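Read off the chains here:
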Amino acid sequence: MTKAATQFISPLTFQALSAHPVHTELLDADQENAMGHINLARWADLLLIAPATANSLAKFSYGLADDLLSTLYLAVECPVYIAPAMNQAMWYKPATQENIQRLTRHGVTFIGPDEGSQACGDIGPGRMTEPEAIVQSLKLQNSPGILQGTKVLLTAGPTREQLDPVRFISNRSSGKMGYALAEQAQRLGAQVTLISGPVAIPAPKHVQTFFVQSAAEMYDTVMQHMAGQDIMIAAAAVADYTPELVQTEKIKKQNEKTELNLRKTKDIVASVAKLDNRPFTVGFAAETQNLEHYAQDKLRRKNLDMIAANWVGQAEGGFDSDCNALQVYWENGQQTFTITDKPQLARQLLALIAERFHA
Ligand code: C5P
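Quantities reported herein were computed from a predicted structural model and do not represent experimental measurements.

## Quick notes on the pattern of salt bridges
Move 1: In total, this model carries 10 salt bridges according to the counting rule given.
Move 2: For Arg 167, the salt bridge identified is with Asp 164, shortest N-O distance 2.5 Å.
Move 3: Notably, a salt bridge pairs Arg 301 with Asp 297, separated by 3.1 Å at the nearest N-O pair. Remark: Asp 297 and Arg 301 occur in helix α12 (residues 291-301); sequence separation between them is four residues, near one turn of the helix.
Move 4: You can call Arg 301 exposed: its relative accessible area is 54%.
Move 5: Residue Asp 297 is classed as partly exposed on the basis of its relative accessible area, which comes to 32%.
Move 6: Within this structure, Lys 59, Asp 66 and Asp 67 form a network of salt bridges that share partners.

## A closer look at the nonpolar core
Move 1: With 34 residues, the main nonpolar core has Leu 181, Ile 233, Phe 284, Met 306, Val 328, Leu 349 and Ile 353 as its most contacted residues.
Move 2: Residue assignment for this core shows that the elements contributing at least two residues are β6 (151-156), α9 (176-187), β9 (191-196), β11 (231-234), β14 (280-287), β15 (306-311), β16 (323-330) and α13 (342-358).
Move 3: Beyond its immediate sequence surroundings of up to four residues, Val 328 is in contact with Met 306, Ile 307, Ala 308, Gly 333, Gln 334, Gln 335, Phe 337, Leu 349 and Leu 352.
Move 4: Among the nonpolar cores identified, the runner-up in size contains 22 residues, and Ile 49, Ala 52, Leu 72 and Met 86 belong to it.

## As for the packing of α9 against α13
Move 1: Put simply, α9 and α13 touch, their axes get as near as 8 Å, and they point 60° apart. Considered as vectors, α9 and α13 are oriented oblique to each other. Where α9 crosses over α13, the handedness of that crossing is right-handed. Residues Lys 176, Met 177, Ala 180, Leu 181, Gln 184 and Ala 185 of α9 form the contact with α13, whose participating residues are Lys 342, Pro 343, Leu 345, Ala 346, Arg 347, Leu 349 and Leu 350.
Move 2: Grouping the constituent residues of the contact of α9 with α13 by class yields nine nonpolar, one polar and three charged.

## A look at the sheet that holds β11
Move 1: Overall, mixed pairing links the eight strands, which are arranged β10-β9-β6-β11-β14-β15-β16-β17 in an open sheet. Looking at strand neighbours, the two that pair on one side only are β10 (208-211) and β17 (333-341), the edges of this open sheet. Direction aside, the axes of adjacent strands within the sheet are offset by 15° on average.
Move 2: Inspection of the sheet shows β15 paired to β16 by three bridges, in the antiparallel sense. Residue pairing across strands places Ala 309 opposite Gln 327, the latter belonging to β16.
Move 3: Each of β11, β14, β15, β16 and β17 touches α13; the most contacted strand, β17, lies at about 160° to it.

## Concerning the site of the ligand
Move 1: Near the ligand you find 14 residues, and of these Ala 234, Ala 236, Phe 284, Lys 298 and Lys 302 are the closest.
Move 2: Contact distances for the ligand include 3.2 Å between an oxygen atom and a side-chain N or O atom of Asp 240.
Move 3: Contact with the protein chains hides 87% of the accessible area of the ligand, taken as 440 Å² for the molecule alone.
Move 4: Mapped by element, the contributors of at least two residues to the shell around the ligand are α11 (268-274) and β14.

## Description of empty space enclosed by the protein
Move 1: Applying the stated criterion across every chain, the model contains one cavity of 30 Å³ or more.
Move 2: Of the voids in this model, the largest cavity is the one considered here, and its volume is about 90 Å³.
Move 3: In terms of lining, the largest cavity is formed by Cys 78, Pro 79, Val 80, His 106, Gly 107, Glu 183, Gln 186, Arg 187, Lys 205 and His 206.
Move 4: Among the elements that make up the lining of the largest cavity, the one with the highest residue count is α9 (three residues).
Move 5: When the residues that make up the lining of the largest cavity are grouped by side-chain class, the tally is three nonpolar, four polar and three charged.
Move 6: Looking at the lining of the largest cavity, you find at least three residues from each of domain 1 (5-141) and domain 2 (151-357).

## Some details on the layout of surface pockets
Move 1: Of the pockets and cavities examined, the largest pocket occupies roughly 1,900 Å³.
Move 2: Lining of the largest pocket is provided by 41 residues; of these, Met 1, Phe 14, Leu 48, Ala 50 and Pro 51 occupy positions nearest its centre.
Move 3: At the level of secondary structure, the elements contributing two or more residues to the lining of the largest pocket comprise α1 (3-8), α2 (11-18), α3 (36-43), β1 (47-52), α4 (54-62), α5 (68-75) and β5 (123-127).
Move 4: Here the second largest pocket defines a volume of roughly 1,200 Å³.
Move 5: Around the second largest pocket, the lining is made up of 35 residues, and of these Thr 104, Glu 183, Gln 184, Arg 187 and Pro 343 lie nearest the centre.

Here is what the cut-offs are and how they apply
- Residues numbered from 1 in each chain as written.
- Predicted model: local features only at pLDDT ≥ 70, side-chain atom pairs only at ≥ 80, totals over all residues.
- Heavy atoms only, no water.
- Salt bridge = Lys/Arg side-chain N within 4 Å of Asp/Glu carboxyl O.
- Helix = DSSP H or I, 4+ residues; strand = E, 2+ residues; numbered from the N terminus.
- Buried < 20%, exposed > 50% of the residue type's maximum accessible area, 1.4 Å probe, protein only.
- Core = buried A, V, L, I, M, F, W, Y, C linked by side-chain atoms within 4.5 Å.
- Contact = heavy atoms within 4.5 Å.
- Axes fitted to C-alpha atoms, helices over the stretch in contact; angles between N-to-C directions.
- Parallel < 35°, antiparallel > 145°, perpendicular 65-115°, else oblique.
- Left-handed = near helix turned anticlockwise from the far one by under 90°.
- Nonpolar A, V, L, I, M, F, W, Y, C, P; charged D, E, K, R; others polar.
- Pairing = 2+ DSSP bridges.
- Near = heavy atom within 4 Å.
- Polar contact = N/O pair within 3.5 Å; in protein donor to acceptor, adjacent residues only side chain to side chain.
- Areas by Shrake-Rupley, 256 points an atom, 1.4 Å probe, with all protein chains shown as cover.
- 1 Å grid on protein atoms, 1.4 Å probe; cavity = no way out; pocket = protein on both sides within 12 Å on 5 of 7 lines; lining within 4 Å.
- Points joined across faces, edges and corners; volume = space filled by probe spheres on them.
- Domains from an automatic or database assignment.

Next up, the structure:
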């Protein structure tokens, strides 16, 4: 309980009703090493904060740890669920909404709030979801997932092909789609290995992640971790070409025109699809034109089990966007996923992959 919570209800009441000890202090003199928050953080399979005030959301969002609850939030490595409760105007405030978005990006799952009449007399969103509904939601989200027992290897992000000590060739991939797939696959029960190019977003929680720079490094790292994988999802925007020579000194500006010699990189997903004991192999196709034609061609040429195609270079969706739409093809089948946020889209695509993988 936070200090504010104890002003509403005494810890003793909670203890008597729940028949469990109530923790209120950051440094607990009764604990052997006085590190109660670390013990609690290690002990939990998941952390549910219900009700969570606007103040607590702000603290979690910015990593403040000045009481037991906020320190516990920072210290846990398990999944975190938050059921907010506050006045409707506080809920609508941009600061609160931004904190919710930040926390969602940090991997927190929100339950509610509900709408209705509030303790303060207002009507609107901000009522804590009913406890039975919260428990129901937790059960649903933590029941053995559709990827339980499977090993999934993912590539994500761009690659960097070095030209000289200060320059490289890369692309606009943000890694958001691959990271969303990694995080959601883990939540659906898979054991996930992520091989990522350089990105600016935080690594997904509970996912073994290896960072690489070049296409060649990504190829080697994927191959090192390929044994025993059930599903491979190649969401990385791997460079198709790499400089033939990496200059050891910075290339100097001299002539009006200059030439760059590039050679093809090894196709990672196509190489995986050629392995004996190959996993169920899924590729991506980011296109600016002839989406279906190019996607179908890649599906066959790279010998993939499935390909997820999306438009890039448009205002909405694609590279660097938080939203995306996908057109998915496999032998004798296709499915459209309309534009939605990447975590949601990742769940839809993974459900389809799980269905085809088990088929
Ligand atoms: O041929 P293209 O690069 O458009 O194909 C895209 C698909 O192939 C993506 O799934 C991408 O991750 C994968 N790819 C790869 N290795 C490469 C190039 C592309 O795995 N060298």
